[in-house]
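Listed below are the residues making up each chain.
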Amino acid sequence: MEPEYDEHVEAVADLGRAEEAFSRGDYPACRESAGAAMGVDPSLGRAWELLGILDLADGDPMSALGHLEMTVSCNGSFEESEYILDVLRSQQGLLEMDKESILSLMDSIGSHLLQNRSYASAMCLYEGISKKVHDWRVLSTLGFLRREMGMLDGALEMYESALEMEEAPVEVLSDLAIVLIKMGRLEDASGALEECIDAGLQRPHVMNNLGFVREALGDIEGALEAYEETINMDPSYYPALYSKGRILQKMGKDSESRSIMDSALELEGRVYRLEDVTGRDERERTGALHAKELMTPMEEDD
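Basis of the calculations
- Residues numbered from 1 in each chain as written.
- Predicted model: local features only at pLDDT ≥ 70, side-chain atom pairs only at ≥ 80, totals over all residues.
- Heavy atoms only, no water.
- Axes fitted to C-alpha atoms, helices over the stretch in contact; angles between N-to-C directions.
- Helix = DSSP H or I, 4+ residues; strand = E, 2+ residues; numbered from the N terminus.
- Parallel < 35°, antiparallel > 145°, perpendicular 65-115°, else oblique.
- Left-handed = near helix turned anticlockwise from the far one by under 90°.
- Contact = heavy atoms within 4.5 Å.
- Nonpolar A, V, L, I, M, F, W, Y, C, P; charged D, E, K, R; others polar.
- Core = buried A, V, L, I, M, F, W, Y, C linked by side-chain atoms within 4.5 Å.
- Buried < 20%, exposed > 50% of the residue type's maximum accessible area, 1.4 Å probe, protein only.
- Phe/Tyr/Trp six-rings, centres within 6.5 Å; stacked < 30°, edge-to-face > 60°.

(A) View of the packing of helix H6 (residues 99-115) against helix H7 (residues 119-130). Running from N to C, H6 and H7 point in directions that differ by 155 degrees, and their axes come no closer than 8 Å. Classed by the angle they form, the pair H6 and H7 counts as roughly antiparallel. Read as a crossing pair, H6 and H7 show a hand that is left-handed. Facing H6, whose interface residues are Leu103, Met106, Asp107, Ile109, Gly110, Ser111, Leu113 and Leu114, H7 presents Tyr119, Ser121, Ala122, Leu125, Tyr126, Gly128 and Ile129. Residues of the contact of H6 with H7, tallied by class, amount to 10 nonpolar, four polar and one charged.

(B) Inspection of the nonpolar core at higher detail. One finds Phe22, Leu56, Leu88, Ile109 and Leu145 to be the most contacted residues of the largest nonpolar core, which totals 91 residues. In terms of residue count, helix H3 (residues 45-57) provides more of this core than any other element does, eight residues in total. Among residues more than four places away in sequence, those in contact with Leu145 are Leu114, Tyr119, Ala122, Met123 and Tyr126.

(C) Inspection of the environment of Gln91 at higher detail. Inspection of the secondary structure assignment puts Gln91 in the loop between helix H5 (79-90) and H6. In sequence terms Gln91 and Leu105 are 14 residues apart; their C-alpha atoms lie 9.2 Å from each other. Setting aside residues no more than four positions away along its own chain, Gln91 makes contact with Met97 and Leu105.

(D) Representation of the packing of aromatic side chains within the structure. Counting across every chain of the model gives two aromatic pairs. Ring centres of Phe22 and Tyr27 lie 6.0 Å apart, and the angle between their planes is 65 degrees; on these two criteria the pair is classed as edge-to-face. According to the relative accessible area criterion, Phe22 is buried, its value standing at 1%. Residue Tyr27 is classed as buried on the basis of its relative accessible area of 14%. Measuring from centroid to centroid gives 5.9 Å for Tyr119 and Phe144, while their planes differ by 85 degrees, and the two rings are edge-to-face.

Note that every value here comes from positions in space, so none of it alone points to a role or purpose.
Listed below in structure tokens is the structure:
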């Protein structure tokens, strides 16, 4: 093979390692591999982009600006870079920005990335913010991002740290309960959800989650009660309608079940199931349950 081709293959391999490190939050390793890729093949725009995002997370918007400008000069589509560049270029006195202004800028960009489900990049920025400020909101956001990226242990750690702050609202405990459910720690999740409800967090998704946990633990009567409470809060909350109908069907109450199931299907047109508490093989072996709509997306919680 030609030397240039060998070098390109090496650069692509380095970029792959950078991407993998970025996705798991190992930012020093990401920077090293992205730098190596860029050094061998400067046409790899994604390597420049990763370095730019890392610079911004480090609180260095000027270096980020330079790297991201190199990104968009390369072939390819780089929506994150284009957005961040527009924001950076719109700032007056970027070089003279103080710490608080830079943190506000990072938060604004991170929030946009989160809303657009660019979770890895958003997590990088919020990890950077968390090193500079002690705020439950930042930790809760990191909990959400880590959870969405499958980093359940890390998500639990973030939520627990957020809850150590007196100003953290009970909603954070509800989010922590979601992680516990996904980890299969159902007894702990039940306790957390009941604590949320006792604290006044009377929301359909919280009560529905409690119903699911109770059902998974074998407390069918308790689950039915929770699903009925959910429906009392919101008669159009179809996951609870579906769950109640399914339980009634198991109880042999077919006519009542059919009426409720029809109501659920009229509302949504379908019944979907989200994350499994257990894997498919384990579920088929034990008859374990699917979890249904454990929570709404972060941007729809309010």
